[in-house]
Amino acid sequence: MSEKVIDRVTSTTGQEPSTPSGYRAAESQRRWARRARRTVAVLLPFVVWWTLAEIANNRLFPGPIEVIATLVDVTADGTIWFHAQQTAQRGLTGLAIAVVGGVFLGVGMASVRWMDSVLEPLVSATYPIPKLALFPLLVLALGFGAESKIVMVTLECAYPVILTTYAATRGVDKHYLWLARNVGAGPLARFGIIMRATSTSMVATLRMALPIMLVIMVVTELISESRGLGYLLRRASSDFDPELTMAVVLLLAIVGFVLDRLVVLLGDFVGRWAGKVQL
Amino acid sequence: MIDAILDRKWLASLLFALLLIILWQCMDVFELLPSYVLSPWDILDALVATTVDGTLPLASVQSVLLQLSGFAVGAIAGVVLGLTAGVSRWAEDFIDPVVSLTYPLPKIALFPVVVIWFGYTDFSRALVIATSCFFPVFVNAYAGTRSIEPRLLWVARNADAGKARIFLQVILRAAMPAVSNGIRISLALSFILTYATETLGASAGGLGNMIEDGFNDLQYGPLWAGIVAFAILGLVADRIWGRLSALWTRGQLVEAMGRV
Amino acid sequence: MERAHADDLTEVAAGLTHSLDELSVSVTDLTKVFRRGNREVTALDGVNFTARPGEFVTVLGPSGCGKSTLLHILGGFESASTGSVEVFGKSVTGPGRERGMVFQSATLFPWWTIQRNVAWPLEVGGMGRKASRARADDLLELVGLTGFGDAYPGELSGGMQQRAGIARTLSLEPQVLLMDEPFGALDAQTRELMQEELNRIWQASGTTVVFITHDIYEAVFLGDRVLVMSGRPGRIVADISIDLPRPRGHDVKGSPEFSDYHARLWNLLRDEAIASEFLSRD
Ligand SMILES: Nc1ncnc2c1ncn2[C@@H]1O[C@H](COP(=O)(O)OP(=O)(O)OP(=O)(O)O)[C@@H](O)[C@H]1O
Ligand SMILES: [Mg+2]
């Protein structure tokens, strides 16, 4: 095992130079070295990709510059906006239904006894089932349009939302609720307390559900659609247009990253509201 | 009576599920179901028929082989890199930024790209499944290693344990529950991706293809048989993994939720 | 030839004087400054004390005065900013088996049984599996946990876990036992029982103990000496010998001498707490 391996967890104290200024210099040097390594880490894949593409010199393997140029082109001429908007609209609708419905079910299961007994084992047991396999049935029932996709997203995203809400609500300190009852707060106020106490784990759930939503949207659009980013991917791929295909992948990565950051921001906001900063 | 049933959660939900199935069957009797929703009895029929003619077992084996190969590669890579990044600052600095940038990308989007290069082959499919399965395992192994109780490491250093021993007997063990959890998530993911990749493109074989063919030819028997087979596989795999991981995280389970 | 002989002689002489008034722990002008970014916290500021072999030293001090920090440096888990820390004449540069640490909570490995937890340090030291387990069973008997070897830590109460933790540290056969409020999290009754048990174990083993506590009763009951630390930055402001007869039983706590020590320490600590409050106000 090399020297470096294990260093971060075994050495809780490094060798500290005894003078403060020496310590600061070493500290800032370490920070810069880390920053440099991290920058290299982000740039390295692009450099490798670019080099490989140059060496391969193959139309089927474009380099990063071509792909980014293509992305800029299709963004500028507007074609990609339509598809991106379609995907986002449906995905977010399905996600919103999943979050709202899932929170109500989760809180209900955690606080109403018969819901707990009847539903919780059922939900836990069906959690590992690949619900996506039901998609053909949804298409038969609702057609190839938006509805089948929205329902599919809801179905897949609701599970983690329900189960984390359930766990978080059960974890709410009983004393809060007793206190609420004691001062004569109604069920609405008690729901408010539960929301406040569980809001941070709720945002964490949203962060979990978001990538699931994106996966389901892309898959369902790949399978059957005439609009959306998934459709664009399929068309570009069967046209043997690697530049456009990769450009869409890049866009999806950007969209996923931005949405994730937004949820983290929301988490900061909610954390302050709930009295603790987490995530 | 009702109280006694509600006290046994499994019994209550089992009765509820049974009630739903009976209701479902009744709807069929009164011809309230659309043609593509088979009754539970017809589904059982379809399962038997496709098993007897060999299509269901064959498709299941094809799917499981694909799923397992992709899952195994992704999960192993995730464990190895996750532990390495958790344990070494250098590795962390090189791996973590790349992973956090690519984490939110729906990895299935890579399938159309991979297909341009390798065609609609099982290799392309396994590659995408492996990539997808890598991330949850990596993230959990990394976090599990980093969040280890530092005092435990002090205890080990107090006993003068060497680095290899600390890694194997302390860090690895401490990270085990998180790693198991990541693997569990990836296991579920691997079935979703197996279905997705088998549905896309012609002549894939496997359960996904069986469902897709049933859908296209309006053969609802095989369609339902495929769906049920996927459900069973997903459930069984999850149970097996749950049992296995309970074996080597026994003490930690006790700590987390009392006697098991 | 002659020179070498002379050297040998002085070495022998040095060894003799060394063993005559040898110190098991010697802390000289120890300071510790924590730095986080641009902020600096002086936790320890010129700590001096020594302990003779087999001595039981208890340390009292207001919260946050650097008691844990002092012990962590003695254990070699954290490094001193300036000053020297020696144990049996050797400078402390890192953790070592001759200095056994007991933390406030037991910190047992939850994935192993109690027996394996206690046997592990012996395994690490090269003892065979069978021998180390037999020795672990002896140690478990010593701390009153016979029959619990097969349990997992999570199945035991806090007090039992702490006893197992002590057994594990004892398995190192340390020359110096470092204990950081080991009974702090226990209920009052368990605590008293554990104090008496520790007294018994210490007298049987003859190790030096540095024992940190918040509890004046505990400090007087257990200690040969009580060191009192000032509020942050920590210094040692009093070193009081406790001349109570050994072995001490429960009844010692009712004696007038005990009350005198208690009152004296209580006044000292009160002054320190008030002083540190004034300090932290600006
Ligand atoms: N790793 C650290 N980084 C920065 N400051 C620290 C660190 N460890 C301890 N300190 C500071 O050093 C001071 C002494 O801490 P220490 O834990 O030694 O106190 P203590 O006497 O053990 O307190 P208590 O009685 O509450 O256990 C505290 O003010 C604490 O905030
Ligand atoms: Mg302390």
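Residues numbered from 1 in each chain as written. Chains lettered and ligands numbered in written order. Predicted model: local features only at pLDDT ≥ 70, side-chain atom pairs only at ≥ 80, totals over all residues. Heavy atoms only, no water.

Draft legend 1. How the structure looks around the domain arrangement of chain B. Residue and element names in this part refer to chain B. We note that the domain assignment places domain 1 (1–33) and domain 2 (38–259) within chain B. Taking only C-alpha atoms, the centre of domain 1 and the centre of domain 2 are 32 Å apart. Across the contact, five residues belong to domain 1 and seven residues belong to domain 2. Note on domain 1 versus domain 2: buried area summed over both sides is about 420 Å², and carbon and sulfur give 67% of it. (Domains from an automatic or database assignment. Contact = heavy atoms within 4.5 Å. Buried area = accessible area lost by both parts, 1.4 Å probe.)

Draft legend 2. Inspection of the interface of chain C and chain B at higher detail. Counting residues at the interface gives 26 residues for chain C, matched by 21 residues for chain B. Interface area, chain C with chain B, both sides summed: about 2400 Å², of which 66% is carbon and sulfur. Across the chain C-chain B interface, the total number found is one salt bridge. One salt bridge in this structure joins C:Glu155 and B:Arg250, with 3.6 Å as the shortest N-O distance. Our enumeration of links across chain C and chain B arrives at six residue pairs in polar contact (both at pLDDT 80 or more). Secondary structure elements with two or more residues in the side of chain C that touches chain B: strand E6 (99–102) and helix H3 (114–124) of chain C. Per element, the largest residue contribution to the side of chain C that touches chain B is five residues, and it comes from H3(C). In the side of chain C that touches chain B, the residues fall into 14 nonpolar, five polar and seven charged. (Salt bridge = Lys/Arg side-chain N within 4 Å of Asp/Glu carboxyl O. Polar contact = N/O pair within 3.5 Å; in protein donor to acceptor, adjacent residues only side chain to side chain. Helix = DSSP H or I, 4+ residues; strand = E, 2+ residues; numbered from the N terminus. Nonpolar A, V, L, I, M, F, W, Y, C, P; charged D, E, K, R; others polar.)

Draft legend 3. Geometry of the sheet that holds strand E10 (residues 236–241) of chain C. Residue and element names in this part refer to chain C. Taken together, six strands build an open sheet; the order of strands is E6-E7-E8-E3-E9-E10 and the sheet is mixed. A single partner strand is all that each edge strand has here, and the edge strands are E6 and E10. Put simply, the sheet's adjacent strands are angled 15 degrees from each other on average, direction ignored. Looking at chain direction, E6 and strand E7 (residues 176–180) are connected through four bridges and run parallel. Paired with Arg 99 across the strands is Val 176, a residue of E7. Each of strand E3 (56–60), E6, E7, strand E8 (208–212) and strand E9 (225–229) is contacted by helix H2 (residues 67–75), which is oriented at about 150 degrees to E7, the strand it contacts most. Against the sheet, helix H5 (residues 158–170) makes contact with E6 and E7, and its axis sits at roughly 170 degrees relative to E6, the strand it touches most. (Pairing = 2+ DSSP bridges. Axes fitted to C-alpha atoms, helices over the stretch in contact; angles between N-to-C directions.)

Draft legend 4. Main features of helix H5 (residues 113–126) of chain A. Here H5(A) contains 14 residues, and its C-alpha end-to-end distance of 20 Å stays within 8% of the 20 Å for a straight helix at 1.5 Å per residue. Along its length, H5(A) shows its largest kink, about 35 degrees, at A:Leu119, and proline A:Pro121 lies within four residues downstream of that point. What H5(A) keeps buried is the set A:Met115, A:Asp116, A:Ser117, A:Val118, A:Leu119, A:Glu120, A:Pro121, A:Val123 and A:Ala125. Along its buried surface, H5(A) packs onto helix H4 (79–111) and helix H7 (146–170) of chain A together with helix H1 (2–7), helix H2 (9–29) and helix H11 (220–248) of chain B. (Expected span 1.5 Å × (residues − 1). Bend = angle between axes of the 7 residues up to and from the residue. Buried < 20%, exposed > 50% of the residue type's maximum accessible area, 1.4 Å probe, protein only.)

Draft legend 5. Representation of the packing of H3(C) against helix H4 (residues 129–142) of chain C in the model. Residues and elements named next belong to chain C. Between H3 and H4, the shortest axis-to-axis distance is 8 Å and the interhelical angle comes to 120 degrees. Looking at the two axes, H3 sits oblique to H4. Every pair of crossing elements has a handedness; the one defined by H3 and H4 is right-handed. Between H3, through Ile 114, Gln 115, Arg 116, Val 118, Ala 119, Leu 122 and Glu 123, and H4, the contact on the second element is made entirely by Arg 129, Ser 132, Arg 133, Arg 135, Ala 136, Asp 137, Leu 139 and Leu 140. Classifying every residue of the contact of H3 with H4 by side-chain character gives seven nonpolar, two polar and six charged. (Parallel < 35°, antiparallel > 145°, perpendicular 65-115°, else oblique. Left-handed = near helix turned anticlockwise from the far one by under 90°.)

Draft legend 6. Up close: helix H8 (residues 150–158) of chain B. Residue and element names in this part refer to chain B. Across the nine residues that make up H8, a large majority, seven, are buried. For H8, the complete set of buried residues consists of Leu 152, Leu 153, Trp 154, Val 155, Ala 156, Arg 157 and Asn 158. Count one or two residues on from H8 and you reach Asp 160, which has phi positive near 65 degrees.

Draft legend 7. Layout of the site of ligand 1. All names here are of chain C. In the vicinity of ligand 1 lie 13 residues, with Ser 63, Lys 67, Ser 68, Thr 69 and Arg 232 positioned nearest. Separating an oxygen atom of ligand 1 from a side-chain N or O atom of Ser 63 is a distance of 2.8 Å. Between Gly 66 and ligand 1, the recorded distance is 3.0 Å, taken from a backbone N or O atom to an oxygen atom. Within the complex, the protein chains bury 69% of what would otherwise be the 630 Å² of accessible surface of ligand 1. (Near = heavy atom within 4 Å. Areas by Shrake-Rupley, 256 points an atom, 1.4 Å probe, with all protein chains shown as cover.)

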